[in-house]
Amino acid sequence: MMKMSFNVTAKKLFGVKYARLTRTLFLDLVVFWGLHIAGFQVQIASPILYLMTSAFSAGVMWQALSAEDNGANMENMFMLPFEGRNLVFSYVSALGAYTLLTKTAGLLAIVLAVSLWSGAEVLGCVLCGVNAVLVTACIYPRKHLRAVTGALWAAVLLAAIFLLGKVVFLFPILAVSILAAILLLCQTDAYAFRQRPSRRRAGGRVHHRPSVWRYLFRYLMAHKNYLVNTAAMWGVACVLPVLFGQMEARFILPVGFAILSLNTPLCILLSCDPALEQAVRFLPGQQKAFCIPYCLFIFGCNLAADIIFLCNWQFQIGGIAPRHILTAASFALLSAAGSVLLEWYCPIRGWKIESDLWHHPRKYVVPAIMMLLAGLVGMF
C-alpha cells in the first residue's frame, strides 16, 4: 500500500518511467563537469555549505507541500482506503525525493564544481538536505505551532552548524534531528497535509466591473509566499549597499537594479494559472487589456525595491543624483516589459508543481539581459 501511494505521487513528479528524474540528473552531471573543467575555484566554508543546503532544501520542500496540485492529489488519495502512517511517509518520501534529487542536487552540482571539498563535507550536505526535508514535513502540518517549532528547531541547527562546525560533532546532532522528525511524522495525521481552499468572506463586496488590478492584488493576498518573496527582495535591497559600498556608484547601481529584477513569482502569473491564461487568450482584446496592467504592476514592485535600494545607498554612502532615479525607473520598466513579453509569448508549460516554475531556467533570462545592460550603462 505504501509503495502504491509513493508511486502515485512520484510518477506525477518524475514522469511515468521516471524519465524526468534521469534527464535532470544527467543535466546536473553535465553542469558539474563543465564548471569543474573550467578551473574556476572559490573557497566556501563548511558551515556556509551546510546552511545553503539546509535552507534551499527546506524552502523547496515547503513549496512542494504548499503546491495546489499536490493538495488535489492528496484529496484523491483520501478517497481510497489508506493507513495514515503509510500515506504520510509515502507522500513525504515522494516530495523529499523530488526536492533532493531535482533541486538540491542541482545546487550541489554547481557549488561542489567550483569549490574544494571532502567526502565528509558531501556526506554532511546530504544529511543536511535530508534533515531539512523531514523537519519541514514535520512543521508544515502543525499550523498553529509553525512559528515557534520552526524557530526553535532552526535555532538549534544553526547553532550546531556554526558553533560545532566540525563534521564529527555535527553528524550526531543531525542524526538526532532526523530521528526526532521521523518519530513526529509517525504521530502526524495524514489529513493535516490537506489544503483547504480559501473562501471569500460572507457579505463581501461584489464587483460588477472586471479589474486586472483587483485580480492581481487578490492573487497576492491568496498566495502569501509571493509576498514573502517580494519582502525578501526588499531585504536584499537593504543589504546591497553594505556589500557594494566600496565600489563606484555609476558602475554598481545598475547592477543592483538588475539583481532586484529577479522576483520570479510575480513574473509567472500566466504560467502558474493555465485557466487564467486560457481565458485571457480566448477573450478578444485581452493582450492589451491584461498585459499593460500586468506590466505596470511588475514595474511598481520592481521600482519599490529599487527605491529602497537607492534610499539605503543614500543613507549609508550618499551621492544619489536624479539620473540614478531615472536609471532605476528605466531598469524597472524594461525588466517588467521583458517579463510580461516572456509570459505572453513563451509561457512555461509541462510543469508539475509550482516549484518547477520558481526554479525554471527561464527566470534568469530577463535578469541576465538587465545585467548586460547594466555593464553597458556603467561603461558609457
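Each remark here, short or long, concerns the structure printed above.
Chemist: Before we go on, may I ask you to explain the overall build of the protein chain in this structure?
Modeler: Of the regular secondary structure elements, the protein chain holds 16 helices and zero strands. Looking at the protein chain as a whole, 43% of its 380 residues qualify as buried. Sequence-distant contacts, at least 24 apart, represent 86% of the contacts inside the protein chain between residues at least 6 apart. Approximately 20400 Å² of the protein chain is accessible, and the part contributed by carbon and sulfur atoms is 71%.

Chemist: Looking at this structure, I do not really get the nonpolar core. What am I missing?
Modeler: Note that soluble globular proteins tend to have their nonpolar side chains buried in a common cluster. Judged by nonpolar contacts, the single largest core of 43 residues is most densely connected at Phe 14, Met 61, Leu 65, Val 92, Leu 95, Leu 185 and Phe 193. Take this core: its biggest share by element is 13 residues, from helix H5 (residues 84-113). Dropping the residues within four chain positions of it, Phe 14 is found in contact with Ala 19, Arg 20, Leu 21, Ala 94, Ala 97, Tyr 98 and Thr 102. Among the nonpolar cores identified, the runner-up in size contains 29 residues, and Leu 216, Tyr 226, Ile 268 and Ala 332 belong to it.

Chemist: It is not clear to me how helix H12 (residues 274-282) should be interpreted in this structure. Could you clarify?
Modeler: Since the α-helix turns once every 3.6 residues, residues separated by three or four places project in the same direction. Turning to H12, its buried residues number three or more, namely Leu 276, Glu 277 and Val 280. Projected onto a plane normal to the axis of H12, the buried residues spread over an arc of 100° and lie on a single side. Among the exposed residues of H12, those pointing more than 90 degrees away from its buried face are Ala 275, Gln 278 and Phe 282. On its buried face, H12 is in contact with helix H9 (212-222), helix H13 (286-316) and helix H14 (322-345).

Chemist: Just to check I follow, could you spell out H14 for this structure?
Modeler: A rise of 1.5 Å per residue sets the reference length of H14, with its 24 residues, at 34 Å; its end C-alpha atoms lie 35 Å apart and thus fit the reference within 8%. Of all the residues in H14, the buried ones are His 324, Thr 327, Ala 328, Phe 331, Ala 332, Ser 335, Ala 336, Ser 339, Val 340, Leu 342, Glu 343 and Trp 344. Next to the buried residues of H14 lie helix H11 (249-259), H12, H13 and helix H16 (365-379).

Chemist: I would appreciate a short explanation of the environment of Trp 153 in the present structure.
Modeler: Structurally, the position occupied by Trp 153 is in helix H7 (residues 146-163). For Trp 153, a relative accessible area of 16% puts it in the buried group. Trp 153 sits 24 residues away from Ser 177 along the chain, and the two C-alpha atoms are 8.7 Å apart. Apart from residues lying up to four places away in sequence, Trp 153 is in contact with Val 135, Cys 138, Ser 177, Ala 180, Ala 181 and Leu 184.

Chemist: Whenever I open this one, the side chain of Asn 312 confuses me. Can you help?
Modeler: Note on placement: Asn 312 falls in helix H13. Excluding anything up to four places from it in sequence, Asn 312 contacts Ala 237, Cys 238 and Pro 241.

Chemist: How should the packing of aromatic side chains be read in this particular structure?
Modeler: For any pair of aromatic rings, the description consists of the separation of the ring centres together with the inter-plane angle of the planes. Inspection of the entire model under this criterion finds eight aromatic pairs. When the centroid spacing of 5.5 Å and the interplanar angle of 45° are considered together, the rings of Phe 290 and Tyr 294 count as tilted. With a gap of four residues between them, Phe 290 and Tyr 294 both fall in helix H13, about one helical turn apart. Sitting over the face of the ring of Trp 344, Arg 281 holds its NZ or CZ atom 4.5 Å from the ring centroid.

Chemist: When you look at the side chain of Thr 104 in this model, what are you seeing that I'm missing?
Modeler: Inspection of the secondary structure assignment puts Thr 104 in helix H5. Beyond its immediate sequence surroundings of up to four residues, Thr 104 is in contact with Thr 53, Phe 56, Ser 57 and Thr 99.

Quick notes on the rules
- Residues numbered from 1 in each chain as written.
- Predicted model: local features only at pLDDT ≥ 70, side-chain atom pairs only at ≥ 80, totals over all residues.
- Heavy atoms only, no water.
- Helix = DSSP H or I, 4+ residues; strand = E, 2+ residues; numbered from the N terminus.
- Buried < 20%, exposed > 50% of the residue type's maximum accessible area, 1.4 Å probe, protein only.
- Contact = heavy atoms within 4.5 Å.
- Areas by Shrake-Rupley, 256 points an atom, 1.4 Å probe, with all protein chains shown as cover.
- Core = buried A, V, L, I, M, F, W, Y, C linked by side-chain atoms within 4.5 Å.
- Arc of directions from axis to C-beta.
- Expected span 1.5 Å × (residues − 1).
- Phe/Tyr/Trp six-rings, centres within 6.5 Å; stacked < 30°, edge-to-face > 60°.
- Lys NZ or Arg CZ within 6 Å of the ring centre and 35° of its normal.

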